[in-house]
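# Residue-level structure breakdown
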Amino acid sequence: MMADAPQAIDYDIIIAGGGMIGTSFALALAPLGLRMAVVEAVARAAAKQPSFDERSTALSRSSQRMFTAMGLWDDIEAAATPIRSIHVSEKGRFGFAHIDADEQGVEALGYVVINRVLGGVLQAALDQQENIDVLCPARISAVKSDDEKSVVCVDQGGSNRELSCRLLVAADGERSSVRDMLGISATCSDYGQHAVVGNVLPEKAPANRAYERFTESGPLAMLPIANGRAAFVWSVQSSEVENILALDDASFTAKLQEGFGLRLGRFSKVGARAAYPLGLSKANGLVVRRGVLIGNAAHGLHPVAAQGFNLGLRDVAALSDCIADTRINGGVDPGSAAVLEDYASWRRADQGKLVHFTDGIVRLFGSRIPAVRTLRNIGMLGFDLIPGVRTLFAKHTMGLAGKLPRLSRGVPLT
Ligand SMILES: Cc1cc2nc3c(=O)[nH]c(=O)nc-3n(C[C@H](O)[C@H](O)[C@H](O)COP(=O)(O)OP(=O)(O)OC[C@H]3O[C@@H](n4cnc5c(N)ncnc54)[C@H](O)[C@@H]3O)c2cc1C
């Protein structure tokens, strides 16, 4: 429910950040009937909304199952494009690899959806929830925690007020200030790259195939979207990004074509472009007294493997599971030390693995050492020729590896 001013000052859970992950978490937990508030800094209609913007996101199978279990998939699917195969190659080299949905026995490996469209579905569902207050635009500016509660200072329209909760969930993104306020540090590094994103009309429709091409400047992904168009995510050196964004449509299209090649024929009708700085971040802890991190506040990945949001949704599913379990067992406190420890020990391995995996790909394909280049071509060929390797990789890509929480398996929380 959108609220001009909060209806109550004491909540079970306050969620800092109403972006892709904060909104998903509020909706995942809604069936438990807890009293929640979502505090989001940027107005929904703002052109610069940082989460629900014009980017395209590839949703994994586990994310699709999760939205199905939450009763939201039909609305998302109406605007999503299935990915039935993935083709990986390196510019100027002989090796390539592919993964196919039929071979994996699934209808689709994943789905592409525009963030703004996903946001429309999630926010409409949030507005239907009687037990959730949405404070937007409003910013969390200070946090105090003790054994019983967290108290947050919320700045809404220039006036400050205090709200308290039994659990404060930081879902305020990679540069999370709430993470800092909770006293959790993070290790961050800069790849020296920006992702330039937009969409283009290729001569040949992508036909439900996603492409990942490694170029000299960095990885270039082409994702199938509606009307025969393709959404690109192109990693370029940060020193070049301003010049690339300044190119007119024809010059930009020619440069993109040079990077991607002619696999989809000639490109035309390129849309507006935007750029995002790329870094790696990992929080040095996931929980403190009455506080927890989820999504990019816990881990920010390079988009090379399209895993950041999917990984964050598994945080959402696991934390929801831990809170639901305590209620099933008669517990009433969603922020107890036991709940938070369960969550932290469950999520460490998956998060650590994905951080190393995406960082490893960026470094492996960024290397110009000839021996490394040869090895990765052989690696790609081996990957393509050995079906068992493909299946294992596909399982990870689809978010189906390891111990999965209820929602990620498609099982409703209650
Ligand atoms: C170019 C690019 C392509 C990507 N493609 C994919 C993909 O294909 N698949 C995939 O899985 N992932 C992808 N990702 C990653 C994905 O976008 C992120 O993982 C996801 O956006 C994280 O969501 P979040 O809600 O945690 O953080 P964010 O999206 O950063 O949202 C944080 C929210 O918190 C709000 N906020 C900040 N501070 C405060 C405060 N103090 N008080 C209140 N609110 C606050 C912000 O306004 C924002 O709305 C991509 C990322 C990039 C950059």
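Keep in mind that what you see is a predicted model, and the values were worked out from it rather than measured. (Residues numbered from 1 in each chain as written. Predicted model: local features only at pLDDT ≥ 70, side-chain atom pairs only at ≥ 80, totals over all residues. Heavy atoms only, no water.)

## A short note on helix H1 (residues 20-29)
By the criterion of burial, H1 is predominantly enclosed, with 10 of the 10 residues buried. Every buried residue of H1 is accounted for by Met20, Ile21, Gly22, Thr23, Ser24, Phe25, Ala26, Leu27, Ala28 and Leu29. (Buried < 20%, exposed > 50% of the residue type's maximum accessible area, 1.4 Å probe, protein only. Helix = DSSP H or I, 4+ residues; strand = E, 2+ residues; numbered from the N terminus.)

## Regarding the site of the ligand
Around the ligand lies a shell of 33 residues, among which Glu40, Ser51, Ala58, Asn296 and Phe309 are the nearest. Note that a nitrogen atom of the ligand is positioned 3.4 Å from one of the backbone N or O atoms of Val39. Backbone polar atom of Ala41 to a nitrogen atom of the ligand: 3.2 Å apart, as the coordinates give it. Computed on the free molecule, the ligand has an accessible area of 1000 Å², of which 92% lies beneath the protein chains in the complex. Listed by contribution, the elements that provide at least two residues to the shell around the ligand are H1, strand E3 (56-60), strand E9 (139-145), strand E12 (186-202) and helix H9 (308-328). Its residues assigned to classes, the shell around the ligand shows 16 nonpolar, 13 polar and 4 charged. (Near = heavy atom within 4 Å. Polar contact = N/O pair within 3.5 Å; in protein donor to acceptor, adjacent residues only side chain to side chain. Areas by Shrake-Rupley, 256 points an atom, 1.4 Å probe, with all protein chains shown as cover. Nonpolar A, V, L, I, M, F, W, Y, C, P; charged D, E, K, R; others polar.)

## Brief notes about the side chain of Gln64
Here Gln64 lies in helix H2 (residues 61-69). With a relative accessible area of 12%, Gln64 lands in the buried category. Not counting residues within four places of it along the chain, the set of residues in contact with Gln64 comprises Trp73 and Tyr111. (Contact = heavy atoms within 4.5 Å.)

## Examining the pairing of strand E5 (residues 85-90)
With respect to burial, E5 is a largely interior element, 6 of its 6 residues being buried. Side chains Ser85, His87 and Ser89 of E5 all project onto a buried face; the interleaved residues Ile86, Val88 and Glu90 project onto the opposite face, where all are buried too. Relative to strand E13 (residues 209-214), E5 runs parallel, the two sharing 6 bridges. Within E13, the residue paired with Val88 across the bridge is Glu212. (Pairing = 2+ DSSP bridges.)

## Considering the sheet that holds E3
Overall, antiparallel pairing links the 3 strands, which are arranged E3-E7-E4 in an open sheet. Among the strands making up the open sheet, the edge pair consists of E3 and strand E4 (81-83). Going from strand to strand, the sheet's axes swing by 30 degrees on average, the running direction of each strand aside. Pairing between E3 and strand E7 (residues 110-114): 5 bridges, direction antiparallel. Bridge assignment links Thr57 to a residue of E7, and that residue is Val113. (Axes fitted to C-alpha atoms, helices over the stretch in contact; angles between N-to-C directions.)

## Points about the pattern of salt bridges
Counted by the stated rule, this structure contains 16 salt bridges. A salt bridge links Arg55 to Asp53, with the nearest nitrogen and oxygen atoms 3.0 Å apart. Judged by relative accessible area, which is 11%, Asp53 ranks as buried. Between Arg347 and Asp350 there is a salt bridge whose closest N-O contact spans 2.9 Å. Of this pair, Arg347 and Asp350 both sit in helix H10 (residues 337-366), 3 residues apart, which is roughly one turn of that helix. (Salt bridge = Lys/Arg side-chain N within 4 Å of Asp/Glu carboxyl O.)

## Description of unusual backbone geometry
Residue Cys136 is joined to Pro137 through a cis peptide bond whose omega torsion reads 0 degrees. For Pro137, the location among the structural elements is in the loop between strand E8 (132-135) and E9. For Asn208, which is not glycine, the phi dihedral falls at a positive 60 degrees. Locating Asn208 in the fold gives a position in the loop between E12 and E13. What makes Asn208 partly exposed here is its relative accessible area of 22%.

## Some points on the nonpolar core
The biggest cluster of nonpolar side chains holds 80 residues, and the ones touching the most others in it are Ile13, Ile14, Phe25, Phe67, Ile140 and Ile323. When residues no more than four places from it in sequence are discounted, the contact partners of Ile13 are Phe25, Leu29, Leu34, Arg35, Met36, Ala37, Cys165, Leu167, Val169, Ile323 and Pro334. Ala221, Leu223, Leu301 and Val362 belong to the second-largest nonpolar core, a separate cluster that totals 30 residues. (Core = buried A, V, L, I, M, F, W, Y, C linked by side-chain atoms within 4.5 Å.)

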